[in-house]
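Chain residues, written in single-letter form:
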Amino acid sequence: MKMSKLFVQTLREFPSDAEVMSHKLLVRAGYIRRLASGVYNYLPLMWRTLKKIENITREEMDAAGAQELLMPFVQPEELWQESGRWDVYGKELMRLKDRQGRGMCLGPTHEEVITYIAREGIKSYKQLPVNLYQIQSKFRDEVRPRFGLLRGREFIMKDAYSFDIDEAGLDKEYENMAKTYTRIFERCGLETKMVQSDSGAIGGSVSHEFMVVCDNENNAGENDVFYCEKCDYSANSNHAVSILPKAPTDGGFTKAQVVDTPNCKSIEELAEFLKVEPSVIVKTLVYVADKKYVMALIRGDKNVEEIKLQNAVGANEIRIASSAEIKEIMLNNNKTAEAGYISPIGIEDITIVADNSVCELKNFVIGCNETEKHLIGANWGNEISLPEKITDIRLVQEGEICTQCHSPLKVTRGIEVGNIFKLGTKYSKAMNAVYMAEDGQEKPFIMGCYGIGISRTAAAAVERHHDEFGIKLPLAIAPYHAIVIPVNCKDELQMKTAEEIYNKLLNAGVEVVLDERDERPGVKFKDADLIGFPYRITAGKTLAEGLVEFKNRSNGEVMTIKPQDAIDKIISAVNALK
RNA sequence: CGGGAUGUAGCGCAGCUUGGUAGCGCACCUCGCUUGGGACGAGGGGGUCGCAGGUUCAAAUCCUGUCAUCCCGACCA
């Protein structure tokens, strides 16, 4: 490819609407352009990289025994009604109507369609197990698209679905996919952490996420990952568990009484005023879960993990209640307290969930539903009864103790590039997808599903591989392998040598660009660095000694060597990819 | 949806306070000159100032509404 013909427009400055490095660089280097919020054009450079990631994924999935197919991205409402998700998926599902008025949606994921395919196509246990996958655009009308390709409303995903006759088969395939994923990301130059996670809208029992650790300057990592340095434990904050380090649990009050606590709306102010540790205070928070109020009780020095609370009450949606809503609850119970002074005491008809952490408290402090007053020296079973629902709704904090090996946990930020779920029979039962088992009984498929965000992986790779000059994607997924630059195109020797090198590389199957533009060298070097050609050969003044400059973009190494040596180095690096 | 900000040429911005018929840098076209890290000179093309109302002799500028985009929170590959 000649540089003058390559369809790319590099910008001299970063776009003003981009925040994270991958977004800034991909736009500036001419890989992508925004079409609408969260919707991007993949220009030729980007598309080459995406195809490479897709192909790596394809090779590894095929090698793992999966088979590729392609499902439509327009899906009929009926299937979503069958699975029950038409009503629960919410606004994120891009819905539309066809000319007959029938409901359709653009696929955010394909459990419904694949289950339909299995129901129609798999009749006997003899056809099992099977794992089917596709690579295709997905649509999710995100509440807040951001960070360029990291959170778009349209994105490219590889999604695979496995069907087994029993749990043991699913476990085996789950392991198989976990290993395959690690290999795929490795080949893309990404080190990943496999962490336990909540299974969210997809459903199912067990799930893990593949995180690219991204703890750098711009916070591109949207997830907090807790992990143990001693053992292999690691989990998304929405799922992480821990043992609490020792903290005071006895308030030390000798009798229960209501005391004045002026201006003590926050736990800190209250602890300071009463001269107690926050850990002997019970914090009461009000949430709205699917339009119903929920009170959550947690130890004063800890915070609620909303996903855990959402799961505890079986809700689809949860948010913290507003002060107006709290007022409404109080009024309904003939009370007047503001947030900060509330508790479940004397409150009726509201679901109450307590975190495990409050159970062991003695002589503790809690609100009493009167503004600027608290109850001190309370005990479970006396002044207040322990709620029926006691579970883990606590957000883990760094330094708490690993449940597996009792070492302190650490935290880091991660970009989720892949996700694997054990679905079990959630969809097969709902959609009556059954096969004839060996014993003559009809049984639902045991399913698993496995996703990789292809376009997000590309963006994550840029997050991990860049410097002040631009992108430096690894050879395996860079748009091109190499660039050849004649410093001065009007110099016949330079131009001729560059063309010879270019042709030799081209003939050897190297994906190479010749920068034959009549530009000053600075422009060519800046563009080459920005776009991120892994190898650069420069034909310039060193030709006097018959040498060229050879530069490795990823480690910055520069050497002056014979043209043929530079060519050989590139060819052998490219061949090593296969 | 709640909180904050911004919409002026492909990109980055000024002009708005104090209304007077739109400008700068980069990019683009032509000519010259230059060629190892985003040169220089001369000339040129490109904008219904997000959109719709209103105030005014006159609106990018003031007022009202609306749309879009971005940032911070709830969603997730």
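Residues numbered from 1 in each chain as written. Chains lettered and ligands numbered in written order. Predicted model: local features only at pLDDT ≥ 70, side-chain atom pairs only at ≥ 80, totals over all residues. Heavy atoms only, no water.

Helix and strand content of chain A: 14 helices and 33 strands. Taking the principal axes of its C-alpha atoms as reference, chain A extends roughly 95 × 65 × 50 Å. Looking at chain A as a whole, 54% of its 578 residues are labelled buried. Residue pairs in contact within chain A that sit at least 24 positions apart in sequence constitute 69% of those at least 6 positions apart. Each charge sign in chain A was given a centre, from 73 positive and 85 negative side chains, and these centres are 4 Å apart. (Helix = DSSP H or I, 4+ residues; strand = E, 2+ residues; numbered from the N terminus. Buried < 20%, exposed > 50% of the residue type's maximum accessible area, 1.4 Å probe, protein only. Contact = heavy atoms within 4.5 Å. Lys, Arg positive; Asp, Glu negative; His and termini not counted. Charge placed at Lys NZ, Arg CZ, Asp CG, Glu CD.)

In this section: the environment of Ile-122. Mapped onto the fold, Ile-122 is located in the loop between α5 (111–121) and β7 (130–139). Given the relative accessible area of 8%, Ile-122 is considered buried. Considered as a pair, Ile-122 and Met-436 are 314 residues apart in the sequence and their alpha carbons are 8.9 Å apart. Among residues more than four places away in sequence, those in contact with Ile-122 are Ile-117, Gln-127, Leu-128, Val-130, Phe-163, Val-434, Tyr-435 and Phe-445.

A few words now on the sheet that holds strand β30 (residues 512–514). Ordered by their spatial adjacency, five strands build an open sheet running β30-β29-β31-β32-β33, and the pairing between neighbours is mixed. Two strands in the sheet have a free side with no partner beyond their single neighbour: β30 and β33 (558–561). Each strand of the sheet is rotated relative to its neighbour by a mean of 20°, with strand direction disregarded. Where strand β29 (residues 482–486) and strand β31 (residues 535–539) come together, five bridges link them in parallel fashion. Counted as the bridge partner of Val-484 is Ile-537 from β31. Across the sheet, helix α13 (residues 521–531) lies against β29, β31 and β32 (548–552), angled at about 175° from β29, the strand it touches most. (Pairing = 2+ DSSP bridges. Axes fitted to C-alpha atoms, helices over the stretch in contact; angles between N-to-C directions.)

With that settled, consider the domain arrangement of chain A. We note that the domain assignment places domain 1 (21–228 + 411–464), domain 2 (257–391) and domain 3 (480–575) within chain A. Taking only C-alpha atoms into account, the centre of domain 2 sits 67 Å from that of domain 3. (Domains from an automatic or database assignment.)

With that out of the way, let us pick up the protein's contact with RNA strand B. The immediate surroundings of RNA strand B are formed by 58 residues, with Arg-12, Glu-92, Val-143, Asp-529 and Glu-549 found nearest. Considering the 4 Å shell around the protein, atoms of RNA strand B inside it are sugar or phosphate in 50% of instances. Between RNA strand B and Glu-13 there is a distance of 3.1 Å, counted from a sugar or linking oxygen to a side-chain nitrogen or oxygen. Between a base oxygen of RNA strand B and a main-chain N or O atom of Lys-541, the distance comes to 3.3 Å. Only β8 (154–164), α8 (306–313), β23 (409–424), α13, β31 and β32 provide two or more residues apiece to the surface near RNA strand B. Broken down by element, the residue count for the surface near RNA strand B peaks at eight residues, all from α13. In the surface near RNA strand B, the residues fall into 20 nonpolar, 13 polar and 25 charged. (Near = heavy atom within 4 Å. Polar contact = N/O pair within 3.5 Å; in protein donor to acceptor, adjacent residues only side chain to side chain. Nonpolar A, V, L, I, M, F, W, Y, C, P; charged D, E, K, R; others polar.)

Considering all chains together, one arrives at 10 aromatic pairs under this definition. For the pair Phe-163 and Phe-445, a centre-to-centre distance of 5.4 Å together with 80° between the ring planes defines the contact as edge-to-face. Taken together, the residues span a long stretch of sequence, with Phe-163 in strand β8 and Phe-445 in the loop between β25 (442–444) and β26 (446–453) at a distance of 282 residues. Side by side, Phe-163 and Phe-445 carry an identical accessibility label, which is buried. An angle of 20° between the planes, with centres 5.5 Å apart, marks the rings of Tyr-435 and Phe-445 as stacked. Pair noted here: Tyr-435 is in strand β24 (residues 434–436) and Phe-445 is in the loop between β25 and β26, with a separation of 10 residues, a long-range link. Assessed through its relative accessible area of 2%, Tyr-435 is described here as buried. Here a set of aromatic residues connected by ring pairs shows up, and it is made of Phe-163, Tyr-435 and Phe-445. If you follow Arg-28 out to its NZ or CZ, it ends over the ring of Phe-14, 4.7 Å from the centre. Across from the ring centre of Tyr-227, 4.2 Å away, lies the NZ or CZ of Lys-193, which sits over that ring. (Phe/Tyr/Trp six-rings, centres within 6.5 Å; stacked < 30°, edge-to-face > 60°. Lys NZ or Arg CZ within 6 Å of the ring centre and 35° of its normal.)

Glancing now at the side chain of Ser-357. Along the chain, the position of Ser-357 falls in the loop between β18 (351–355) and β19 (364–367). Overall, Ser-357 belongs to the buried group, its relative accessible area being 4%. There is a polar contact of 3.4 Å between the side chain of Ser-357 and the backbone nitrogen of Arg-299. In terms of polar contacts, Ser-357 uses its side chain to reach the side chain of Asp-355, at 2.6 Å. Once residues within four sequence positions are removed from consideration, Ser-357 is found in contact with Leu-244, Ile-298 and Arg-299.

Summed over the entire model, instances satisfying the criterion amount to two cavities of 30 Å³ or more. Looking at the largest cavity, its volume works out to about 50 Å³. Going through the elements one at a time, α13 and β31 are the ones with two or more residues in the lining of the largest cavity. Of the residues that constitute the lining of the largest cavity, the class distribution is four nonpolar, no polar and four charged. Space inside the second largest cavity adds up to approximately 30 Å³. (1 Å grid on protein atoms, 1.4 Å probe; cavity = no way out; pocket = protein on both sides within 12 Å on 5 of 7 lines; lining within 4 Å. Points joined across faces, edges and corners; volume = space filled by probe spheres on them.)

Along helix α9 (residues 323–332), the residues classified as buried are Glu-325, Ile-326, Ile-329 and Met-330. When α9 is viewed along its axis, its buried side chains cluster within an angular range of 145° and face the same direction. Looking at α9, the residues exposed on the side facing more than 90 degrees away from the buried face are Ala-324, Lys-327, Leu-331 and Asn-332. In the core, the buried residues of α9 are packed alongside β14 (282–289), β15 (292–299) and β17 (318–320). Backbone geometry just after α9 places Asn-334 at a positive phi near 60°. (Arc of directions from axis to C-beta.)

With that out of the way, let us pick up the pattern of salt bridges. Under the defined criterion, the tally for this structure stands at 37 salt bridges. In this structure, Glu-511 and Lys-52 form a salt bridge, with 2.6 Å as the shortest nitrogen-oxygen distance. Here Glu-511, found in the loop between α12 (492–507) and β30, pairs with Lys-52, found in helix α2 (residues 44–63); they are 459 residues apart in sequence, far enough to count as distant. Here Asp-467 ties to Lys-472 by a salt bridge, and the two come within 3.7 Å at their closest N and O atoms. (Salt bridge = Lys/Arg side-chain N within 4 Å of Asp/Glu carboxyl O.)

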